[in-house]
Structure formats: C-alpha cells, structure tokens
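For reference, the chains in residue letters:
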Amino acid sequence: MKQKISLLLVLFLAALSIFAQEKKLYNPAANANADIEAAIKKAAAENKFVVLQAGGNWCSWCLEFARISKATPQIDSVIKSSFVWYELNYSKENTNLPLLAKYGYPQRFGFPVFIILDSKGQRIHTQNSEYLEDGKRSYDQKKVLNFLQQWTPKAVSGKTYAQ
C-alpha cells in the first residue's frame, strides 16, 4: 500500500512539474502595444499580414485553436507563409481594453477572436471564431484553412485579380 501511495505521489509531482513548465500561450504581462508594433514592422518587411488572436490562457477554445493550427500542416504552413501571429491577452490580469477599443471591440464576438491587420497596421477584418468550429469541441480544419487563405496578402491584393 505504501508503495502505491509513493508511486502515485511521484507521478503527481512529475505531472505537476510538467504542467508548471508548460509555456503559456498568452502573456498577461506583455506590452501588447509594443509587441503589435513590432509584429507590424515584421509583417511589412516580410510581405505578410498580422493576425491578433485575442483571448487568454483561461479560454479552452483559444488553446484548442493554437493546438489544431500547429497540428495541421496545411494550416501551419499558411500561417507561417502569410501571417505574423500575436496572441493578444484578455484576462483579469490585463484586459488590454484600449487596444480592443482601437480594433473595434472584437470581444463582442467572444474568444478567441481574430483581428487581421494589413502590413501598415490597419484592421482589415475581424473573424468570429464560432464560424470556424466543428461542433465537436474543436475547429473544422477546412473552415480554418479557408478563412486563412481568404485573408492572405495575395488573396486581398488587387493584382491577383487584374486582367
């Protein structure tokens, strides 16, 4: 019996250690204004757009979107080739309300919500993530891929459609 309790205690402590070392997606202490300015500069230099994924570490849907994006090669590829991604924190520690106001109060859609900025920092789209869900506690990969592909710099460029 003592061995079982000792084993359970060791397993519990190991799991706790792994959990404590896990990198959080959102950083409540981040200077979001400075980070977004840097993302805009990087996007301009790389001919990309910026996506602000507003949400928090408390939001299971936010974490699930990050998981499925990295786990799906096609989605990950579009993100890496066309966007500079930034997780904009919204939590009790830091709501970033002035930034959310600047971008048209996207929190009205719930979290996560995606704000797409062009390479000059102008908001060109706000996406309610509810429309990307699969109805099974995750996201529909085709819907996510379609959303991202429709908002790449190439897709919104008039040059793409010139005769």
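Note that the structure is predicted; figures quoted are calculated from it, not measured. (Residues numbered from 1 in each chain as written. Predicted model: local features only at pLDDT ≥ 70, side-chain atom pairs only at ≥ 80, totals over all residues. Heavy atoms only, no water.)

This next bit is on helix 4 (residues 73-82). Listed as buried for helix 4 are Ile75, Asp76, Val78, Ile79 and Ser82. End-on, the buried residues of helix 4 take up no more than an arc of 165 degrees, which puts them together on one face. Projecting away from the buried face of helix 4 at angles above 90 degrees are the exposed residues Pro73, Gln74 and Lys80. As for helix 4, its buried residues are in contact with strand 1 (49-55), helix 3 (60-71), strand 2 (83-89), helix 6 (141-150) and helix 7 (153-156). (Buried < 20%, exposed > 50% of the residue type's maximum accessible area, 1.4 Å probe, protein only. Helix = DSSP H or I, 4+ residues; strand = E, 2+ residues; numbered from the N terminus. Arc of directions from axis to C-beta. Contact = heavy atoms within 4.5 Å.)

What follows deals with the packing of helix 4 against helix 6. Interhelical geometry of helix 4 versus helix 6 gives an angle of 15 degrees and a closest axis separation of 10 Å. Here helix 4 is positioned roughly parallel relative to helix 6, judged by the angle of their axes. The interaxial crossing formed by helix 4 with helix 6 has left-handed handedness. Note on element contacts: helix 6 touches helix 4 through Gln141, Val144, Leu145, Leu148 and Gln149, opposite Gln74, Ile75, Val78 and Ile79. For the contact of helix 4 with helix 6, the per-class residue count stands at 6 nonpolar, 3 polar and no charged. (Axes fitted to C-alpha atoms, helices over the stretch in contact; angles between N-to-C directions. Parallel < 35°, antiparallel > 145°, perpendicular 65-115°, else oblique. Left-handed = near helix turned anticlockwise from the far one by under 90°. Nonpolar A, V, L, I, M, F, W, Y, C, P; charged D, E, K, R; others polar.)

Let us look at helix 6. Residues Val144, Leu145, Phe147 and Leu148 constitute the buried set of helix 6. Down the axis of helix 6, the buried set is contained in an arc of 160 degrees. They therefore lie on one face. Close packing links the buried residues of helix 6 with helix 3, helix 4, strand 2, strand 3 (113-117) and strand 4 (123-128).

Now for the environment of Tyr90. With respect to the element layout, Tyr90 can be found in the loop between strand 2 and helix 5 (97-102). For Tyr90, a relative accessible area of 25% gives the class partly exposed. The residues contacting Tyr90, other than those within four sequence positions of it, are Gly55, Gly56, Trp58, Thr95, Leu97, Leu100 and Phe111.

With 40 residues, the main nonpolar core has Ile36, Val50, Leu52, Leu88, Leu117 and Leu148 as its most contacted residues. If you list the elements that add at least two residues to this core, you get helix 2 (32-46), strand 1, helix 3, helix 4, strand 2, helix 5, strand 3 and helix 6. (Core = buried A, V, L, I, M, F, W, Y, C linked by side-chain atoms within 4.5 Å.)

Moving on, we get to the sheet that holds strand 3. Sheet strands associate in pairs through backbone hydrogen bonding, adopting either a parallel or an antiparallel arrangement. Spatially, 2-1-3-4 is the arrangement adopted by the 4 strands of the open sheet, whose pairing is mixed. With one partner strand each, in any of the chains shown, strand 2 and strand 4 form the two edges of the open sheet. The average undirected angle you get between the axes of adjacent strands in this sheet is 20 degrees. The pairing of strand 3 with strand 4 spans 5 bridges and is classified as antiparallel. Looking at strand 4, one finds that Phe114 is bridged to Gln127. (Pairing = 2+ DSSP bridges.)

Of all 5 residues in strand 3, 5 are buried; the element is thus mostly enclosed. Here strand 3 shows two buried faces, one formed by Val113, Ile115 and Leu117 and the other by Phe114 and Ile116. Pairing geometry for strand 1 and strand 3, over 5 bridges, is antiparallel. Residue pairing across strands places Gln53 opposite Phe114, the latter belonging to strand 3. In sequence, strand 3 turns back onto strand 4 through a hairpin of 5 residues, with Gly121 there showing a positive phi of about 90 degrees.

Enumeration over the complete set of coordinates arrives at 9 aromatic pairs. Seen from their ring centres, Phe65 and Phe114 are 4.5 Å apart, and the 50 degrees between their planes marks the pair as tilted. Separated by 49 residues along the polypeptide, Phe65 in helix 3 and Phe114 in strand 3 bring together distant segments of the chain. Residue Phe65 shares its accessibility class with Phe114, and that shared class is buried. (Phe/Tyr/Trp six-rings, centres within 6.5 Å; stacked < 30°, edge-to-face > 60°.)

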